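# Residue-level structure breakdown
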Amino acid sequence: MNNSFQEKYSRQILFAGIGPQGQEKIHASRAAIVGCGAVGAAAANLLVRAGVGYLRVIDRDFVEPSNLQRQTLFDEADATQALPKAIAAERKLRSINSSVSVEGIVADLNPRNAEELLGGVHLLLDGSDNFETRLLLNDFAVKSGKPWIYAAGVASYGVTMTIRPGITPCLACLLETGNAGLGLEETCDTVGVLGPVVNLVASLEAAEALKLLAGREDALHGRLISCDVWSGHMQSVRPARNPVCRACARHEFTYLEGESQPHITMCGRDSVQIHERSRAIDLAALKARLAPVAAEVRQNDFLLRFRIAPYDMTVFADGRAIFKGTKDPSVARSLYARYIGA
Ligand SMILES: [Zn+2]
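Overview of the structure. (Residues numbered from 1 in each chain as written. Predicted model: local features only at pLDDT ≥ 70, side-chain atom pairs only at ≥ 80, totals over all residues. Heavy atoms only, no water.)

## Remarks on the overall build of the protein
Rule in force here: Secondary structure elements are defined from DSSP: runs of H or I of at least 4 residues count as helices, runs of E of at least 2 residues count as strands, and each element is numbered from the N terminus. Our radius of gyration looks at C-alpha atoms and nothing else; its globule reference is 2.2 Å times the residue count to the power 0.38. Accessibility here uses a 1.4 Å probe with only protein chains present; expressed as a share of the type maximum, an area under 20% marks a residue as buried, one over 50% as exposed, and anything in between as partly exposed. Every residue pair with non-hydrogen atoms within 4.5 Å of one another is taken to be in contact. Areas reported as accessible are Shrake-Rupley estimates using a 1.4 Å probe. Residue values count occlusion only from the protein chains shown.
When helices and strands are counted, the protein shows 14 helices and 14 strands. In terms of overall dimensions, the protein is globule-like: its C-alpha atoms have a radius of gyration of 20 Å, near the 20 Å expected for 342 residues. Seen through its C-alpha atoms, the protein measures out along the principal axes to roughly 65 × 50 × 40 Å. The buried share of the protein, taken over its 342 residues, is 53%. Partitioning the contacts of the protein with sequence separation of at least 6, the portion at a separation of at least 24 is 64%. Just so you have it, the protein exposes about 14,800 Å², and 52% of that area is on carbon and sulfur atoms.

Structural data, given as structure tokens:
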């Protein structure tokens, strides 16, 4: 351990739960975060500062002004440029700690790319905004025997649990057996979300990540923790595994094996995403084609945005598109065919 390493992490090394050996293990570890919104950004920030060796940040979305109230890695310049969150996060995280290898990937996790996006790491962290993605993450983690940490926040309420396949309950144990009280019906779209709760949940998630990466599994709390920063109500329960769980008992990985959903309604706004197949799009050529018919046509290296009232459309370089102004997949599909091409 050289002096600058020792100095950089001195307060963490002084902490008895980690110590020099724990810090070395953290430095040798690899993790991936699925989704870099509020929870993902806050957890990524903490893990990069803590000195993980490698962090992969996967996100499908771009930065907008309404994100800045709670998504602590991004600033106004990121929103003005409509940078993909994975790219903006990678830049910011590298400037925070240059000794961490940070890789931002602009992509939507689905069954076809799960192995590529989630493989080769010791730990997976949830920063996603929907249960389709979380159950896919859970299927992958259970199948590959890899730990992952569930974390979600909406309104003033948050919930988190560390999932160790074969040891703790998995997400399917919790969700597919009629457990109530997880606040699953609500989204940021309908009830909003407070910055403090997502940062609280991300902090709990990052602390569990440090225990796992430092080799301190004995210190994991083993509980489903829920907290409400408005009412002050905190709860911690120890749920049981479901002995007939689809995922962790019967090994039926329906989310991983199933056909990916071609359209997904996103959290936080009136939008539909289309991602039917991966194909490279020439954004400059598309920009030239759209200029006569669309308004506010803007392009950066990663995406092209344009407006045809009442819709705002964003096309990514891999052929994926987000349509704002509708919740109807068939409207989005027809806009895609008309303006981007079949
Ligand atoms: Zn299970």
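Let us keep going from here.
## Things to note about the packing of aromatic side chains
Filter applied, for reference: Any two rings among Phe, Tyr and Trp, with Trp reduced to its six-membered ring, count as a pair given centres within 6.5 Å; such a pair is stacked if its planes are under 30 degrees apart, edge-to-face if over 60, and tilted if neither. In this scheme, the term charge over a ring applies when either NZ of a lysine or CZ of an arginine sits within 6 Å of the ring centre and within 35 degrees of the ring normal.
Overall, the coordinates contain 6 aromatic pairs when judged by the stated rule. Ring geometry for Phe62 and Phe316: centres 6.3 Å apart, planes at 45°, overall tilted. Here the residue Phe62 occupies a position in the loop between β2 (54-59) and α5 (76-80), and Phe316 occupies one in strand β13 (residues 311-316), the gap between them amounting to 254 residues. Overall, Phe316 belongs to the buried group, its relative accessible area being 1%. Look at Trp148 and Tyr150: their rings are 6.3 Å apart centre to centre, the planes differ by 55°, and that puts the pair in the tilted class. The same class applies to Trp148 and to Tyr150, which are both buried. Through a chain of ring-to-ring contacts, the aromatic side chains of Phe131, Trp148 and Tyr150 assemble into a single cluster. For the cation-ring pair, Arg30 lies above Tyr54, with the distance from its terminal atom to the ring centre recorded as 3.9 Å. Sitting over the ring of Phe131, Arg134 keeps its end group 4.6 Å from the ring centre.

## Some remarks on the coordination of the zinc ion
Formally: We call an atom a donor if it is N, O or S and sits within 2.8 Å of the metal, or 3.2 Å for Na, K and Ca. Water is not counted, so some sites may look partial. Note on geometry labels: four donors, all angles 85 to 135 degrees, give tetrahedral; four donors become square planar and six octahedral when opposite donors are over 155 degrees apart and every other angle is between 65 and 115; remaining cases are irregular.
For the zinc ion, the protein coordination sphere consists of Cys170 (SG), Cys173 (SG), Cys245 (SG) and Cys248 (SG), at 2.3 Å. Its 4 donor atoms give the zinc ion angles of 97 to 122° at the centre, a pattern that matches the tetrahedral case. Between the donor residues of the zinc ion, the gaps in sequence give the motif C-x2-C-x71-C-x2-C. You'll find Cys245 and Cys248 in the same group, each marked buried.

## Let's talk about the sheet that holds strand β3 (residues 101-106)
Counted only if it meets this: Pairing between strands requires that DSSP locate at least two bridges from one strand to the other. Whenever a helix is involved, its axis is fitted only over the stretch in contact; in every case the axis is a line through C-alpha atoms, and angles between N-to-C directions fall within 0 to 180 degrees.
One open sheet holds the 8 strands; their spatial order is β3-β2-β1-β4-β5-β6-β7-β8, and the pairing between them is mixed. What marks the edges here is a single partner per strand, and that holds for β3 and β8 (234-237). Going from strand to strand, the sheet's axes swing by 15° on average, the running direction of each strand aside. Lying over the sheet, helix α4 (residues 38-50) contacts β1 (30-34), β2, β3, β4 (123-126) and β5 (148-154), oriented at roughly 165° with respect to β1. Where helix α11 (residues 195-213) meets the sheet, it contacts β4, β5, β6 (157-163) and β7 (224-228), and its direction lies at approximately 15° from that of β6.

## Some thoughts on the side chain of Thr133
Turning to its location among the elements, Thr133 is positioned in helix α8 (residues 131-144). Excluding anything up to four places from it in sequence, Thr133 contacts Val34, Leu109 and Ser128.

## Examining the pattern of salt bridges
For clarity, the threshold we go by: Any carboxyl oxygen of Asp or Glu that lies within 4 Å of a side-chain nitrogen of Lys or Arg is treated as forming a salt bridge with it.
Across all of its chains, the model carries 13 salt bridges by this definition. Salt-bridge contacts for Arg216 lead to Asp218; the nearest nitrogen and oxygen are separated by 2.8 Å.

## Description of the environment of Gly158
In this structure, Gly158 sits in strand β6. Gly158 sits 31 residues away from Gly127 along the chain, and the two C-alpha atoms are 12 Å apart. Excluding anything up to four places from it in sequence, Gly158 contacts Ala152, Gly153, Val197, Val201, Ile225, Ser226 and Cys227.

## Let's talk about the nonpolar core
Under the convention used in this document: The nonpolar core is taken to be a set of buried Ala, Val, Leu, Ile, Met, Phe, Trp, Tyr and Cys residues, with the residues joined through side-chain atoms within 4.5 Å.
Counting 44 residues, the largest nonpolar core has Leu55, Leu73, Leu93, Leu123 and Leu125 as its most contacted members. If you list the elements that add at least two residues to this core, you get β1, α4, β2, α6 (85-96), β4, β5 and α11. Every residue in contact with Leu55, bar those within four places of it in the chain, is listed here: Ala31, Ala32, Ile33, Ala44, Val48, Leu93, Val100, Ser101, Val102 and Glu103.

## Let's talk about the pairing of β6
The buried fraction of β6 is high, at 6 of 7 residues. Of the pairings in the sheet, the one linking β5 to β6 comprises 7 bridges and is antiparallel in character. Bridging from a neighbouring strand, Ala151 pairs with Thr160 of β6. With 4 bridges joining them, β6 and β7 adopt antiparallel strand pairing. Opposite Thr160, over in β7, you have Ile225 as the bridge partner.

## Comments concerning the environment of Cys170
Along the polypeptide, Cys170 turns up in the loop between β6 and α9 (171-175). Its relative accessible area of 1% is what places Cys170 among the buried residues. Separated by 87 residues in sequence, Cys170 and Leu83 place their C-alpha atoms 34 Å apart. With residues up to four places along the chain from it excluded, the contact list for Cys170 reads Asn138, Val142, Ile163, Cys245, Ala247 and Cys248.

As far as function goes, none of this settles anything; it's purely spatial.
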